[in-house]
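These are the residues of each chain, in order.
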Amino acid sequence: MTRTTYRCPCGAHIEFKQDLEKEPGIPTPNWKCKDCGTPVPGITAEKIRHQHPS
């Protein structure tokens, strides 16, 4: 199975949950880039959220 990665417009490489920030107070989670706060597409963020560094 291949890893899902995302390149944020700010240049950050998002590959693991620790690279994401959850937007608080919303029933359905919205994920943002930890570095700049730019929203990450939902399906991509959900896939990345379940990846663990190994």
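What you see is a predicted model, and the numbers here were worked out from it, not measured in a lab.

Participant: When you look at the overall build of the protein in this model, what are you seeing that I'm missing?
Facilitator: Scanning the protein from N- to C-terminus turns up one helix and four strands. For the protein, the sequential pattern of α-helices and β-strands runs β-β-β-β-α. Relative to the 2.2 N^0.38 estimate, which gives 10 Å for 54 residues, the radius of gyration of the protein is 11 Å and therefore close to what a compact globule would have. When the backbone C-alpha atoms are referred to their principal axes, the protein occupies close to 30 × 25 × 15 Å. Expressed as a percentage of its 54 residues, the buried residues of the protein come to 31%. Across the protein, every contact between residues at least 6 apart in sequence was considered, and the portion connecting residues at least 24 apart equals 43%.

Participant: Where do I start with helix H1 (residues 42–49) in this structure?
Facilitator: Counting along an α-helix, one turn takes 3.6 residues, and residues three or four places apart therefore face a common direction. Every buried residue of H1 is accounted for by Thr44, Ala45 and Ile48. The buried residues of H1 occupy one face: seen down the axis, they fall within an arc of 100 degrees. Residues of H1 that are buried in the fold lie against strand E1 (6–7), strand E2 (13–14), strand E3 (20–22) and strand E4 (31–33).

Participant: In this structure, what is going on with the environment of arginine 3? I would like to understand it.
Facilitator: Mapped onto the secondary structure, arginine 3 falls in the segment before E1. Residues arginine 3 and glutamate 21, 18 residues apart in the sequence, show an inter-C-alpha distance of 19 Å. One polar contact links the side chain of arginine 3 to the main-chain carbonyl oxygen of histidine 52, over a distance of 3.2 Å.

Participant: What is the right way to read the pattern of salt bridges from this model?
Facilitator: Side-chain pairs of opposite charge can arise whenever the charged atoms involved come near each other. Summed over all chains, the structure comprises three salt bridges. Across the salt bridge formed by glutamate 21 and lysine 32, the nearest N and O atoms sit 3.8 Å from each other. Pair noted here: glutamate 21 is in strand E3 and lysine 32 is in strand E4, with a separation of eleven residues, a long-range link.

Reading the values: rules and limits
- Residues numbered from 1 in each chain as written.
- Predicted model: local features only at pLDDT ≥ 70, side-chain atom pairs only at ≥ 80, totals over all residues.
- Heavy atoms only, no water.
- Helix = DSSP H or I, 4+ residues; strand = E, 2+ residues; numbered from the N terminus.
- Rg over C-alpha atoms; globule rule 2.2 N^0.38 Å.
- Buried < 20%, exposed > 50% of the residue type's maximum accessible area, 1.4 Å probe, protein only.
- Contact = heavy atoms within 4.5 Å.
- Arc of directions from axis to C-beta.
- Polar contact = N/O pair within 3.5 Å; in protein donor to acceptor, adjacent residues only side chain to side chain.
- Salt bridge = Lys/Arg side-chain N within 4 Å of Asp/Glu carboxyl O.

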